[in-house]
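Inside the fold
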Amino acid sequence: MSALLDYKCPACGGALEFDTATQKMKCPYCGSAYEMSELQNKDTVLDTQEANVQDDSMPQDSFNWNEAGQDWNGEDANMSVFVCKSCGGEIVGDQNTVATACPYCGNPVVMSGRLSGMLKPNYVIPFQLDKNAAKAKLKEYVSSKKFAPSTFKSENKLEEIKGIYVPFWLFDSQINAAANFEATKVRKWSDSSYDYTETSYFDIYRQGNMAFANIPVDGSSKMPDELMESIEPFDFSGAVDFQTAYLAGYLADKYDVDMQASVPRANERIKASAEDTLQTTISGYTSVRPRTSSVQLLNGVSKYALYPVWLLNTTYKGEKYTFAMNGQTGKFVGNLPVDKGKLAALFAGITVGGSAVLSLVAKLLGLI
């Protein structure tokens, strides 16, 4: 790894250049000249900084998780699996579910057999808001969008919203984290002839112990991650030990991303959070940036839980639109198509270059 040597004039902050005539470093701005020996310390600092970037003394990250799974112990005899022939989604329902529509693409699903080959959830957050609450929220959301197509305001569309338990892997751990940061302090001043800038560099080290609980990672590849993140957080204090009775009247997504496949995302969230936490202990500098870090995970345990979501997937003019509501808190998100006829009528007297621009203007005005 190479470093770009950036020598600054101690007098004015300008970039120094090597003067072949005098064999010295000379500032073209203020004329100051420096012996090479005077700047030897600069090389030492840069070498140290480069070594820190590749610092072998900083231990490698260590993440070792223990999976806390459960067996069904015969309870799965009352559960059935439904497979969507369109998108491949596998939906779990109770023995009374005879036919349904896929909550992801809206197409009919068919029963493929009894539940097998998956873990029993450790916990479930039961639905706190029923279908009527979800329909009311969706209706309120769509009605507030003046330029949504009328078909989205129909009762038939509202009836398609479905309650589904989404699988999540939850990660608990204690960690020991350490990080090196580069910080700067910038001082500026002027005299009658020049403006000066002095930048001082600092190496900062932080270390600490932290605990994390219930870090969620979505266990369904069919559920868009950004959608799940948008309706978070879920309040885990409302979680209870799993019982199949909680699935009565609802569907559950059969996870297709197992715990081991979810670990990298959990590690990323822990490492980023640890770096951010350590960085918050640093103050009084113009800038601070992380350079290297190490996370040693202790007592890492995973859990499997089902979280409640009201979901509507629908297609309008060949494009898919998804709406989701947190079944515990009521947080609602979704994207809507634009009825360009309604939008064009509003801007009938304005010539702004087509429907794309009309949509952009409407968004800027908060109309869609």
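So, here's what we can say about the structure. Just so we're clear, the structure is a prediction, and the values are computed from it rather than from any experiment. (Residues numbered from 1 in each chain as written. Predicted model: local features only at pLDDT ≥ 70, side-chain atom pairs only at ≥ 80, totals over all residues. Heavy atoms only, no water.)

Quick look at the pattern of salt bridges
For the coordinates displayed, the defined rule picks out 6 salt bridges. A salt bridge links glutamate 182 to arginine 289; its shortest N-O distance comes to 3.2 Å. Of this pair, glutamate 182 sits in strand E10 (residues 162–190) while arginine 289 sits in strand E14 (residues 287–316); the two residues are 107 residues apart in sequence, bridging distant segments of the chain. Assessed through its relative accessible area of 11%, glutamate 182 is described here as buried. Residue classification places arginine 289 among the partly exposed positions, given a relative accessible area of 42%. For the salt bridge of arginine 265 with glutamate 268, the shortest nitrogen-to-oxygen distance reads 3.4 Å. Taken as a pair, arginine 265 and glutamate 268 lie in helix H5 (residues 259–279) at a separation of 3 residues, close to a single helical turn. Taken together, the shared-partner salt bridges in this structure form one network comprising Glu229, Arg265 and Glu268. (Salt bridge = Lys/Arg side-chain N within 4 Å of Asp/Glu carboxyl O. Helix = DSSP H or I, 4+ residues; strand = E, 2+ residues; numbered from the N terminus. Buried < 20%, exposed > 50% of the residue type's maximum accessible area, 1.4 Å probe, protein only.)

What about the nonpolar core?
Core analysis: the biggest nonpolar cluster contains 45 residues, and Phe171, Ile175 and Leu306 have the highest contact counts within it. Contributing elements (two or more residues each) for this core: helix H2 (131–143), E10, strand E11 (195–218), H5, E14 and strand E15 (319–326). Of all the elements, E10 adds the most residues to this core, at 8 residues. Contacts of leucine 306, omitting those with residues within four sequence positions, involve Pro121, Tyr123, Val124, Ile125, Tyr165, Val166, Pro167, Phe242, Leu247 and Ala252. Of all hydrophobic cores here, the second largest spans 18 residues; its members include Val166, Met228, Ile231 and Ala324. (Core = buried A, V, L, I, M, F, W, Y, C linked by side-chain atoms within 4.5 Å. Contact = heavy atoms within 4.5 Å.)

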